[in-house]
Protein chains: 2
Amino acid sequence: MKFGFGVDLGGTTVKIACFDENGVMQDKWEIPTRTEDGGAHILPDIARTLQSYCQSHNMEQVIGIGIGVPGAVTDDGVVNRCINLGWGKFNVAKALRDLTGFYVVAGNDATVAALGECRMGGGKGHKNVVMVTLGTGVGGGIVVGGKLILGTNGAGGEIGHMVLNRQETRPCNCGKRGCVEQYCSATGIVRMAKDYLVNTQKESALRGKDFTCKDVFDFAAQGDEVSKEVLEQVYSYLGEFIANICCVVDPEVVVLGGGVSKAGVPLLEGVKRHFARYAYHACRDTEFALATLENDAGVYGAFQMLLDD
Amino acid sequence: MKFGFGVDLGGTTVKIACFDENGVMQDKWEIPTRTEDGGAHILPDIARTLQSYCQSHNMEQVIGIGIGVPGAVTDDGVVNRCINLGWGKFNVAKALRDLTGFYVVAGNDATVAALGECRMGGGKGHKNVVMVTLGTGVGGGIVVGGKLILGTNGAGGEIGHMVLNRQETRPCNCGKRGCVEQYCSATGIVRMAKDYLVNTQKESALRGKDFTCKDVFDFAAQGDEVSKEVLEQVYSYLGEFIANICCVVDPEVVVLGGGVSKAGVPLLEGVKRHFARYAYHACRDTEFALATLENDAGVYGAFQMLLDD
């Protein structure tokens, strides 16, 4: 049996996991990300922990290392500034290969996590998957024929910036107006609830509080009318834009992930209900699933990237 | 040099072309589509003309035949009723193979035409192409990594049924409300112009006439204000929904085809202008091109399908 490693390099910790050649996780651990000295220690630290793991486990047949980094990465493995890490422009894949002697592939962390979730999480067993990541922002990944669509400009799966409301007056973080992210992210949901409170006289548990996105879901579950109405609008937006994505790529399954997806079944059922209204008839039975890998999606995807190469 | 055939089977004529193995067209001709007797003569007629062509050209090395038919086709080549042809359910690929002795692949005509335009027409030289077909309806094709996305339910590229206006009260042909096709097809443009005339006092060359989509473009070119304003709205809708598609698959080039695209450069420039407003910043420089193959897209695509198999 051969083995390989998935590395998810974040601004505070490096998540590392060992997988067998079938993609089954054998072990996982973390080390701190030392960002001092322009991030010069990060790759040597990773190399050291991997070598020590290989020695203590008598590993001989290592496929290589897949690594997800917080920034844009070219096909060759070149990063062009990772601000969180203190890194400038260099070839991260080559540098880690030189340090370990192992074959290395590198990719963007969000893209890699989407691949992991599509292949080994909520999308497991399907070749055509749309991953919708609802977090502080909205991102995603589109897998067709088992491969992630990276796009000509690295913008494949940037579904958070599809236009949902051309009447919007406030700008999105991207500079446009009316993007999905302005309504369906955790911050977007809070903003929509605040706007809603201003425009209604209704009593609500949200009123007068500095509430979070989780509060909106929690209060809705407890029967708070305003929270329920806000979420109904969110589900409608989600159903609409996901139906539009399905007209483009017609996937087998849509996987909902990211922090907002911890709301679970009520979110899933709400989105499905509105999706049915907006979906093209041929796509009406598209499956929906919740993400399952949570914080492990990055290491899973990093290893999967290695299998593709 | 090897040769092969592309066949575009329509309700009134069968278009046929011979290609060399590089996809360069050598010859093309048409025969009538005889729909009498439940369409029983159609395939024998095609077989006869192809055999006669091969004999008169002393062709020995024939790759096979690709055929586009007006209806849904399974991967195996089974059609399930082609109403225009009088056909029921049978394996069209196998039937034509039995008649000719050649290898045969079959696909849906619209899908096949999109493949032809993406590979050999406006999208030539690109691996990632979005084809937008603006005709009586709105259809399309999405090519990623050189392959057409067919979709789980055969609805890949059904971009005419993305929702553009959730306030729409009138139904689309598909049963939903507010689809792209209701605004950006030839019939949609005429309908928008009629609505616009009802809601404005302005003089217009369109007023009191039973005008066509081409009239709207022609009058706009002659300076008719109402026609110009209607088209500006159409360009805005097109720019918006194409920008949304680019957030999903991030293509190198967007190809505009179908009857409406005969409007040419004014359409292209109008769409690009609005696309720039709605596009995610990474996709802002996406190329646009007009379709070039016109009625030959089907035979080109049918032959290309053969090369993939």
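Everything numeric here is computed off the predicted structure, so don't read it as measured data.

Lay out the overall build of chain A with the relevant residues and their values.
Counting its secondary structure elements, chain A contains 10 helices and 12 strands. On C-alpha atoms alone, chain A measures out to a radius of gyration of 21 Å, which is about the 19 Å that the 2.2 N^0.38 rule sets for 309 residues. Dimensions along the principal axes, computed over C-alpha positions, put chain A at roughly 65 × 45 × 35 Å. A burial count over chain A gives 55% of its 309 residues as buried. If you take every contact in chain A between residues at least 6 apart in sequence, the share linking residues at least 24 apart comes to 58%. As presented, chain A carries roughly 13200 Å² of accessible surface, and 48% of it is formed by carbon and sulfur atoms. Taken together, the 29 basic and 36 acidic charged side chains of chain A have centroids lying 4 Å from each other.

Talk me through the pattern of salt bridges; I want residue IDs and the actual numbers.
A pair can form between side chains of opposite charge whenever their charged atoms are brought close. Counted according to the given criterion, the structure contains 26 salt bridges over all chains. Residues joined in a network through salt bridges with shared partners are Glu168, Arg170, Arg191 and Asp195 of chain A.

Describe the relation of the copies chain B and chain A, with residues and values.
Here two copies of a chain appear, and what relates them is a rotation about an axis with a shift along it. Placing chain B over chain A gives an RMSD of 0.1 Å and needs a rotation angle of 180°, together with 0.0 Å of translation along the axis. Such a combination of rotation and displacement between the chain copies is what one expects of a two-fold axis. By residue overlap, the copies meet face to face through one surface: 100% of the interface positions of chain B are interface positions in chain A.

Please give an account of the side chain of glutamate 240 of chain A that cites residues and values.
Turning to its location among the elements, glutamate 240 of chain A is positioned in helix α8 (residues 225-249). Within the local environment of glutamate 240 of chain A, its side chain forms a polar contact with the side chain of arginine 166 of chain B, the two groups lying 2.5 Å apart.

How would you sum up the side chain of lysine 15 of chain A? Please name residues and give values.
Here lysine 15 of chain A lies in strand β2 (residues 13-20). Although lysine 15 of chain A lies buried, it forms no salt bridge, and the closest oppositely charged side chain, glutamate 30 of chain A, sits 4.6 Å away as judged by the N-O distance.

Please provide a residue-by-residue account of the domain arrangement of chain A, values included.
Size of an interface, as often reported, equals the accessible area lost when the parts are brought together. Each domain of chain A was delimited in the assignment, giving domain 1 (3-114 + 296-308) and domain 2 (126-291). The centre of domain 1 of chain A, based on its C-alpha atoms, is set 31 Å off from the matching centre of domain 2 of chain A.

If you had to explain helix α8 (residues 225-249) of chain B to someone new, which residues and values would you point to?
Residue and element names in this part refer to chain B. With 25 residues, α8 should cover 36 Å at 1.5 Å per step; its first-to-last C-alpha distance of 36 Å lies within 8% of that length. Counted residue by residue, α8 has 20 buried out of 25 residues, so it is predominantly covered. A positive phi of about 45° marks aspartate 250, the residue just after α8.

How would you sum up the sheet that holds strand β11 (residues 253-257) of chain A? Please name residues and give values.
Residues and elements named next belong to chain A. One open sheet holds the 5 strands; their spatial order is β10-β9-β8-β11-β12, and the pairing between them is mixed. With partners counted over all chains shown, the strands left at the sheet margins are β10 (147-148) and β12 (287-290), one partner each. Inspection of the sheet shows strand β9 (residues 138-144) paired to β10 by 2 bridges, in the antiparallel sense. From the neighbouring strand, valine 143 faces β10, where its bridge partner is leucine 148. Contacts between helix α9 (residues 265-278) and the sheet are confined to β8 (129-134), β11 and β12, with β12 contributing the most and set at about 160° to the helix.

Any chance you could break down the pairing of strand β2 (residues 13-20) of chain B for me, citing the residues and the numbers?
Residue and element names in this part refer to chain B. In terms of burial, β2 is a largely internal element, 6 of the 8 residues being buried. Relative to β2, strand β1 (residues 3-9) is paired through 7 bridges, and the arrangement is antiparallel. When the bridges of β2 are listed, phenylalanine 3 appears paired with aspartate 20. In this sheet, strand β3 (residues 25-32) lies alongside β2 in antiparallel orientation, the contact comprising 7 bridges. Bridging from a neighbouring strand, threonine 13 pairs with proline 32 of β3. The turn linking β2 back onto β3 is made up of 4 residues, and glycine 23 within it adopts a positive phi angle of 85°.

Report on helix α6 (residues 186-198) of chain B, specifying residues and quantitative values.
Residues and elements named next belong to chain B. With 13 residues, α6 extends 19 Å from end C-alpha to end C-alpha; this agrees with the ideal 18 Å at 1.5 Å per step. Where α6 is concerned, the buried positions are Gly188, Ile189, Val190, Arg191, Met192, Ala193 and Leu197. Summarising the contacts, the buried residues of α6 are in contact with α5 (181-184), α7 (213-221) and α8.

Rules used throughout
- Residues numbered from 1 in each chain as written.
- Chains lettered and ligands numbered in written order.
- Predicted model: local features only at pLDDT ≥ 70, side-chain atom pairs only at ≥ 80, totals over all residues.
- Heavy atoms only, no water.
- Helix = DSSP H or I, 4+ residues; strand = E, 2+ residues; numbered from the N terminus.
- Rg over C-alpha atoms; globule rule 2.2 N^0.38 Å.
- Buried < 20%, exposed > 50% of the residue type's maximum accessible area, 1.4 Å probe, protein only.
- Contact = heavy atoms within 4.5 Å.
- Areas by Shrake-Rupley, 256 points an atom, 1.4 Å probe, with all protein chains shown as cover.
- Lys, Arg positive; Asp, Glu negative; His and termini not counted.
- Charge placed at Lys NZ, Arg CZ, Asp CG, Glu CD.
- Salt bridge = Lys/Arg side-chain N within 4 Å of Asp/Glu carboxyl O.
- Least-squares fit on C-alpha atoms with pLDDT ≥ 70 in both.
- Polar contact = N/O pair within 3.5 Å; in protein donor to acceptor, adjacent residues only side chain to side chain.
- Domains from an automatic or database assignment.
- Expected span 1.5 Å × (residues − 1).
- Pairing = 2+ DSSP bridges.
- Axes fitted to C-alpha atoms, helices over the stretch in contact; angles between N-to-C directions.

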